[in-house]
Amino acid sequence: MIVTVLTLSACDPGSAEWRVGPEPQCDTTSRGTLLLIAQSVPEASLIPCINGLPVAWEYTDVDVTSNGSTLHFETDTYDLEVAVTLESSCEVSAAEEIDSGRTDVTLFVEDDIRFAYVFEGGCIRFDYPNQMLAAADEGIDFRAGIGFLNRAELAARSGWEL
């Protein structure tokens, strides 16, 4: 009996260069999930990623479809979930535009619980379950812990055409 073993080092979960982990980290060490998220909205210039979550927060799951991706997070303090969604567009007609602090992103806030960051080719929406969590330091710190990775940078680091 002859057994052939094919090794693909780029897909080796133990490889220092490529880890297909469930958490879409901004440092791109877990590019597998980031690549799936990027492919869900191919025209989006920015991809949501975890830049460093506050202590009470935990990443729980991601749903990736051909129309976008939703990352799910929970807070231990309030036992509540916040969804971060990448879409090709967001409905912002009822929202107030406020300064995002970035030249390439416009921020819209609706009812103090929905935050939509709109940019070329898409938007990233934060949906809080209530105003209390969205306005609390914990909710504000959570938003700061989610980064926006440039698609071109992800493509360069991964070697994939996105």
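Here the structure is shown first, and the text comes after it.
Calculation rules
- Residues numbered from 1 in each chain as written.
- Predicted model: local features only at pLDDT ≥ 70, side-chain atom pairs only at ≥ 80, totals over all residues.
- Heavy atoms only, no water.
- Helix = DSSP H or I, 4+ residues; strand = E, 2+ residues; numbered from the N terminus.
- Buried < 20%, exposed > 50% of the residue type's maximum accessible area, 1.4 Å probe, protein only.
- Contact = heavy atoms within 4.5 Å.
- Areas by Shrake-Rupley, 256 points an atom, 1.4 Å probe, with all protein chains shown as cover.
- Phe/Tyr/Trp six-rings, centres within 6.5 Å; stacked < 30°, edge-to-face > 60°.
- Pairing = 2+ DSSP bridges.
- Axes fitted to C-alpha atoms, helices over the stretch in contact; angles between N-to-C directions.
- Disulfide = S-S within 2.5 Å.
- Lys, Arg positive; Asp, Glu negative; His and termini not counted.
- Salt bridge = Lys/Arg side-chain N within 4 Å of Asp/Glu carboxyl O.
- Core = buried A, V, L, I, M, F, W, Y, C linked by side-chain atoms within 4.5 Å.

Draft legend 1. Representation of the overall build of the chain in the model. Check the secondary structure of the chain and you find four helices and nine strands. Looking at the chain as a whole, 45% of its 162 residues qualify as buried. For the chain, restricting intrachain contacts to residue pairs at least 6 apart in sequence, the fraction spanning at least 24 positions comes to 52%. A total of about 8,900 Å² of accessible surface is found on the chain, and carbon and sulfur atoms cover 50% of it.

Draft legend 2. The packing of aromatic side chains, seen in detail. All chains considered together, the criterion is met by eight aromatic pairs. Each ring, one from F73 and one from F142, has its centre 5.0 Å from the other, and the planes form 65 degrees; the classification is edge-to-face. Taken together, the residues F73 in strand β3 (residues 68–75) and F142 in helix α3 (residues 137–145) connect sequence positions 69 residues apart. Each ring, one from F115 and one from Y128, has its centre 5.7 Å from the other, and the planes form 75 degrees; the classification is edge-to-face. Taken together, the residues span a long stretch of sequence, with F115 in strand β7 (residues 114–119) and Y128 in the loop between β8 (122–127) and α2 (131–135) at a distance of 13 residues. Residue class for F115 comes out buried when judged on its relative accessible area of 8%. By relative accessible area, which is 4% here, Y128 ends up buried.

Draft legend 3. Highlighting the sheet that holds β8. Strands sit in the order β2-β3-β4-β8-β7-β6-β5 across an open sheet of seven strands; the sheet is antiparallel. The sheet terminates laterally at β2 (57–65) and β5 (96–98), the two strands that pair on one side only. The mean inter-strand angle of the sheet, taken between neighbouring strand axes irrespective of direction, is 20 degrees. Across three bridges, the pairing between β5 and strand β6 (residues 106–110) is antiparallel.

Draft legend 4. Main features of the side chain of H72. Tracing the sequence through the fold places H72 in strand β3. H72 has contacts with E58, Y59, T60, D61, V62, D63, E81, V82 and A83, leaving out every residue within four places of it along the chain.

Draft legend 5. Just the state of the cysteines, in detail. For the structure on display, the rule yields two disulfides. Two residues, C26 and C49, share a disulfide whose sulfurs are 2.0 Å apart. The S-S bond linking C26 to C49 shows a torsion near 95 degrees; that makes this disulfide right-handed. Of this pair, C26 sits in the segment before α1 (31–40) while C49 sits in strand β1 (residues 46–50), and the two are 23 residues apart along the sequence. Each member of the pair, C26 together with C49, is buried. Disulfide partner of C90: C123, at an S-S distance of 1.8 Å.

Draft legend 6. Broad picture of the side chain of E138. Relative to the assigned elements, E138 resides in helix α3. R143 provides the closest opposite charge to the buried, salt-bridge-free E138, at an N-O distance of 11 Å. Beyond its immediate stretch of four places on either side in the chain, E138 contacts A56, W57, T75, T77 and Y78.

Draft legend 7. Region of interest: the pairing of strand β4 (residues 80–87). Here β3 runs beside β4; their pairing, made up of seven bridges, is antiparallel. Following the sheet pairing, S69 is matched in β4 by L86. As consecutive antiparallel partners, β3 and β4 are separated by four residues, and within that stretch D79 has a phi angle of approximately 55 degrees, a positive value. As judged from the five bridges shared by β4 and β8, these two strands associate in the antiparallel manner. Its bridge partner lying in β8, V84 is registered against F126.

Draft legend 8. Layout of the nonpolar core. By size, the foremost hydrophobic cluster in this structure holds 34 residues, and its most contacted members are F73, V84, L86, F115, F126, Y128 and F142. When neighbours within four sequence positions are excluded, V84 is seen to be in contact with P48, S69, T70, L71, F73, I124, R125, F126, F142 and I146.

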